[in-house]
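Understanding the architecture of this molecule
So you can see what is in the structure, the chains are spelled out below.
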Amino acid sequence: MLLQIRDLTVEVAGRDVLHDVNLDIGPGEIHALFGPNGAGKTSLFMAIIGLEDYKVRKGRILFKGKDLSGMPVYERVKLGIGLFFQRPPAIRGLKLRQLLEICCREKVDIDKLVFELAMADFLDRDVNYGFSGGEVRRAELLQILALQPDLALLDEPESGVDLENIALVGRGINRLLERGMPCKDRETRAQRSAIIISHTGYILDYVDADKGHVLYNGTIVCSEEPRKILETIRKYGYEECMRCLRRT
Amino acid sequence: MPSQDLKKRAERAREKPASFGPDLDLSVYDPHPRELPKTSLTSLSKEEQRALLEAGIDPLETNRSGSYLQMNRSVVFCQTRAEGLEILSTEEALKRYDWLESQYWWKALEVDEDKYTSFVELNWQRGYFIRALPGVRILRPVQACLFLAEERVAQAVHNIIIVEPGAELHVVTGCLVSPALKSGLHIGVSEFYVKRGGRLSFTMIHNWGEEVAVRPRTATIVEEGGIFLSNYICLRPVKSLQMYPTTYLKGEGSIAIYNNLLLAMPGSSLDVGGRVFLEASGSRAEVRTRAITKGGDIWTRGHLIGMAPNVRAHLECQGLILSPSGLIKAIPELEGRVPDVQLSHEASIGKIAKEEIEYLMTRGLTYEEARAIIVRGFMRIRGEALPQELQRLIEEAVKASTKYLL
Ligand SMILES: Nc1ncnc2c1ncn2[C@@H]1O[C@H](COP(=O)(O)OP(=O)(O)O)[C@@H](O)[C@H]1O
Ligand SMILES: [Mg+2]
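Quick caveat: nothing in here was measured; it's all calculated off a predicted structure. (Residues numbered from 1 in each chain as written. Chains lettered and ligands numbered in written order. Predicted model: local features only at pLDDT ≥ 70, side-chain atom pairs only at ≥ 80, totals over all residues. Heavy atoms only, no water.)

Details of the pattern of salt bridges
Residue and element names in this part refer to chain B.
- On inspection of all chains with the given rule, the structure shows 40 salt bridges over all chains.
- Linking E286 and R288 is a salt bridge whose minimum nitrogen-to-oxygen distance equals 2.5 Å.
- One connected set of salt bridges, linked through shared partners, spans E35, R73, E91 and R126. (Salt bridge = Lys/Arg side-chain N within 4 Å of Asp/Glu carboxyl O.)

Structural data, given as structure tokens:
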């Protein structure tokens, strides 16, 4: 297993936002994570990457067999976890180009990446400063492509993006998960894994997920064929999802 | 006799405190140090040359149009390397040009403004005179250095810059103390004149010492279509610094922009402002300050006075508090005197946003690395299309000081 989450309970601002979450991600697997707003999806990612405010009260997270508890964020990143933020902050005085170099830890053939994502205009602008919703997503995508994580945590990559850009972001994600990127002197690794959080499911028209999960009130309440989950949610909403659960 | 009159007014203001900043006892400093011999920039000691470089002054004069170096009261080096550019001491210039006194000397500033202007008039020790002749564009910076070389010396200079019609000039002033030295006083009276369609950028880098008191007094008059751009950088310890440079936009469509970058170390007290009188229609101004405290106190002031129709001006202050002690106080003033003005301000003061640090940590950086990058980004001066060499010089100077900060 690449990632194993066992009985994970996470507290944020004095309140448990995740309860007894269990999740296994194998190498090369892509999982879709669904759930209504406030379910705790983002919190799960924050706990995996190790941000201070998301305290593991109970349970464990294992990555490549290593217990992540107490491990600083940058070490988790070095181990191969990459996070695509749903709402990244702007950073004044730091150019996107510089941030991409940080992500790669060496000079990157950024231009190649950038061409495909139509981001050339933004490279010399301050990170996320005054970016539109679509621009923010594409900047996140560039960063995660430069990071080349073994496990990509993609937090609503399609939200706030028009259809044309969803295709673009979808292509980028496919590229990340299938092929290596032109970070010089770094081996290209196949078999990348990902968890994709999606509120709408649109992104799954472009990226094939192997498994799907529904997070509701901080608990994984359903694990199924992702298309099936999506169909139910699209047709009947999360309420129906819950009813289905009660029946089984 | 006008100069008799100036002396009288100065005498009367001898004890007059300034409007802002702690009142200094000037009697403890020596305004009559011995004269120092002429020298060349490269014959200074290695340490002194390094200190010069960190204040934007290149001893080799690479890509410079000329240099002026004053140590204490003595002009030890002065050289012009460009056509249509004059660099002299103001003492020389007053002898050479009889119009200087009648048209420019104490014409932008009042001699009896406070005890510091008075002190300069009564203890006047030269200063630089830099002039770009009409239509001449001098893109390589002129470097002027005011150097405090001995303990407890008072430096009292009177500087003049004139940018004649259609000319362009970039001046870098590096002010510093000899590396071994701690205490001293620097008072600089500076009067700048930007004529019709002229363009002046004035970059001042202050690298003083822990026991040095500093009271610059600067005013600029800008004529029609002229542009005045001021970059001020003070990132080293200083005991007490107070200045409130003022620009009078007297010509239609003239522009003034101030960029201040300030750091207060423990024990430092900085009171720095920027004031612009928008006297002509269509004139425009911006005063931007970035202030960081690592334990010292910073007052940052701004004052925009809209006096003519169709003027636009903006004040901006951003403060970053990097230590539990220390103070940043932003005091903006907007003053509209006619209906058709557009004046605005924004200010924010705080510590580094945690989410920004964490964001960078998820890109593989440690907490300290992430923090350093954010602070460096904060200090980056917004480029106002400065010539490349000047931009580079500013970045180098900021970088040289950043090592003391992080
Ligand atoms: N940093 C935080 N501080 C306080 N509350 C938070 C924080 N992050 C998340 N929460 C709370 O945790 C719950 C789950 O939020 P989140 O993980 O963002 O949900 P989702 O991503 O599924 O919409 C919400 O009630 C939210 O308000
Ligand atoms: Mg979320």
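Examining the side chain of R363 of chain B
- Here R363 of chain B lies in the loop between α6 (354-361) and α7 (367-379).
- A polar side-chain atom of R363 of chain B sits 2.7 Å from the main-chain carbonyl oxygen of L83 of chain A.
- Here R363 of chain B is in contact with V77, L83, F85, L99, I102, C103, E140, Q143 and L147 of chain A, once residues within four sequence places are set aside. (Helix = DSSP H or I, 4+ residues; strand = E, 2+ residues; numbered from the N terminus. Polar contact = N/O pair within 3.5 Å; in protein donor to acceptor, adjacent residues only side chain to side chain. Contact = heavy atoms within 4.5 Å.)

Here we look at the coordination of the magnesium ion (ligand 2)
Residues and elements named next belong to chain A.
- Each protein donor to the magnesium ion (ligand 2) is listed here as T42 (OG1) and Q86 (OE1); together their distances run 2.1 to 2.3 Å. Within this pair, whereas T42 is found in helix α1 (residues 41-49), its partner Q86 is found in the loop between β6 (81-84) and β7 (91-95), the two being separated by 44 residues in sequence.
- Exposure remark for T42: the relative accessible area of 23% places this residue in the partly exposed category.
- You can call Q86 buried: its relative accessible area is 12%. (Donors = N, O, S within 2.8 Å, 3.2 Å for Na, K, Ca; no water. Buried < 20%, exposed > 50% of the residue type's maximum accessible area, 1.4 Å probe, protein only.)

Observations regarding the state of the cysteines
- Tallied over the entire structure, the rule returns zero disulfides over all chains.
- C145 of chain B carries a free sulfur, and the closest cysteine sulfur to it, the one in C175 of chain B, is 7.2 Å from it. (Disulfide = S-S within 2.5 Å.)

Looking at the interface of chain B and chain A
- Taken together, the contacts link 19 residues of chain B with 26 residues of chain A.
- Roughly 1900 Å² of surface becomes buried between chain B and chain A when both sides are summed, with 61% attributable to carbon and sulfur atoms.
- Per-residue buried area on chain B facing chain A is highest for Y359, T362 and R363 of chain B; these three make up 38% of the total on that side.
- Where chain B packs against chain A, one counts three salt bridges.
- The salt bridge partner of E140 of chain A is R363 of chain B, with a shortest N-O separation of 2.8 Å.
- Across the chain B-chain A interface, the total number found is nine residue pairs in polar contact (both at pLDDT 80 or more).
- Among the secondary structure elements, those contributing two or more residues to the side of chain B that touches chain A are α6 and α7 of chain B.
- In terms of residue count, α6 of chain B provides more of the side of chain B that touches chain A than any other element does, seven residues in total.
- Here the residues of the side of chain B that touches chain A sort into seven nonpolar, five polar and seven charged. (Buried area = accessible area lost by both parts, 1.4 Å probe. Nonpolar A, V, L, I, M, F, W, Y, C, P; charged D, E, K, R; others polar.)

Some thoughts on the side chain of E48 of chain B
Residue and element names in this part refer to chain B.
- Here E48 shows up in helix α2 (residues 46-54).
- Nearest to the buried, unbridged E48 among oppositely charged side chains is R34, at 10.0 Å.
- For E48, the residues in contact, after removing those within four places along its chain, are M71, F147, S178 and P179. (Lys, Arg positive; Asp, Glu negative; His and termini not counted.)

Description of α6 of chain B
- Here α6 of chain B lies mainly inside the structure; six of its eight residues are buried.
- Check the buried side of α6 of chain B and you find it contacts α2 (73-79), β7, α3 (96-104), β8 (126-127) and α5 (133-147) of chain A together with α7 of chain B.

Examining the packing of α7 of chain B against helix α8 (residues 388-405) of chain B
Residues and elements named next belong to chain B.
- At a minimum axis separation of 11 Å, α7 and α8 run at an interaxial angle of 140 degrees. The angle between the axes of α7 and α8 places the two elements in the oblique class. Crossing of α7 against α8: the hand is right-handed. Each of V375, R376 and M379 in α7 lies in contact with α8, whose residues at this interface are V398, T402 and L405. (Axes fitted to C-alpha atoms, helices over the stretch in contact; angles between N-to-C directions. Parallel < 35°, antiparallel > 145°, perpendicular 65-115°, else oblique. Left-handed = near helix turned anticlockwise from the far one by under 90°.)

Describing the pairing of strand β10 (residues 193-197) of chain A
Residues and elements named next belong to chain A.
- Within β10, five of the five residues are buried, which leaves it mostly tucked inside the rest of the structure.
- Going residue by residue along β10, you find S193, I195 and I197 tucked away on one face and A194 and I196 tucked away on the opposite face as well.
- One ladder, built from four bridges, connects strand β3 (residues 30-34) with β10; its direction is parallel. Bridging across to β10, L33 finds its partner in I197.
- Bridge count for strand β9 (residues 151-155) against β10 is five bridges, and the pairing is parallel. Of the residues in β10, the one forming a bridge with D155 is I197. (Pairing = 2+ DSSP bridges.)

Some remarks on the nonpolar core
- One finds I48 and I195 of chain A to be the most contacted residues of the largest nonpolar core, which totals 134 residues.
- Sort the elements by how many residues they give to this core and α5 of chain A lands first, with eight residues.
- Those residues in contact with I195 of chain A that lie beyond four places of it in its chain are L3, L23, I25, H31, L33, F45, I48, L151, A152, L153 and L154 of chain A.
- Formed by 57 residues, the second largest nonpolar core is a distinct cluster that contains L85, I130, I161 and L304 of chain B. (Core = buried A, V, L, I, M, F, W, Y, C linked by side-chain atoms within 4.5 Å.)

A few points about the layout of surface pockets
- If you add up the space inside the largest pocket, you get close to 530 Å³.
- Lining the largest pocket we find 28 residues, and of these G50, L51, E52 and V73 of chain A together with E358 of chain B sit closest to its centre.
- Counted by class, the lining of the largest pocket contains 16 nonpolar, four polar and eight charged residues.
- Taken as a whole, the second largest pocket holds about 440 Å³ of empty space.
- Put simply, the parts of the chain that give the lining of the second largest pocket at least two residues each are α2 and β7 (168-177) of chain B.
- For the lining of the second largest pocket, the leading source of residues is α2 of chain B, giving four residues. (1 Å grid on protein atoms, 1.4 Å probe; cavity = no way out; pocket = protein on both sides within 12 Å on 5 of 7 lines; lining within 4 Å. Points joined across faces, edges and corners; volume = space filled by probe spheres on them.)

Things to note about the sheet that holds strand β1 (residues 66-71) of chain B
All names here are of chain B.
- The sheet built from ten strands is open, its strands ordered β2-β1-β5-β7-β9-β12-β15-β18-β20-β22 with mixed pairing. Looking at the sheet topology across the chains shown, the edges are occupied by β2 (74-80) and β22 (341-350). Averaged over all pairs of adjacent strands, the angle between their axes in this sheet comes to 5 degrees, without regard to strand direction.
- Summarising the sheet, strand β9 (residues 199-207) and strand β12 (residues 227-234) pair through eight bridges and their orientation is parallel. Its bridge partner being in β12, S201 is matched across the sheet by L229.
- Helix-sheet contacts for α7 involve β15 (255-264), β18 (284-293) and β20 (311-321), and the interaxial angle to β18 is about 155 degrees.

Overview of the confidence of the model for chain A
- On average, residues of chain A score 88 in pLDDT, and 91% of them reach the 70 mark or higher.
- In this model residues 184-189 of chain A is a low-confidence stretch, pLDDT under 50, and it forms 14 contacts with partners more than four residues away in sequence or in other chains. (pLDDT = per-residue confidence, 0-100.)

Here's the deal with the site of ligand 1
All names here are of chain A.
- Around ligand 1, the surrounding shell holds 13 residues, and the nearest of these are R15, G38, K41, T42 and S43.
- Contact between ligand 1 and R15: an oxygen atom at 2.7 Å from a side-chain N or O atom of the residue.
- Contact between ligand 1 and G38: an oxygen atom at 2.8 Å from a main-chain N or O atom of the residue.
- Taken by itself ligand 1 offers 550 Å² of open surface, and the protein chains cover 66% of this.
- Take the shell around ligand 1: its biggest share by element is three residues, from α1.
- Classifying every residue of the shell around ligand 1 gives six nonpolar, five polar and two charged. (Near = heavy atom within 4 Å. Areas by Shrake-Rupley, 256 points an atom, 1.4 Å probe, with all protein chains shown as cover.)

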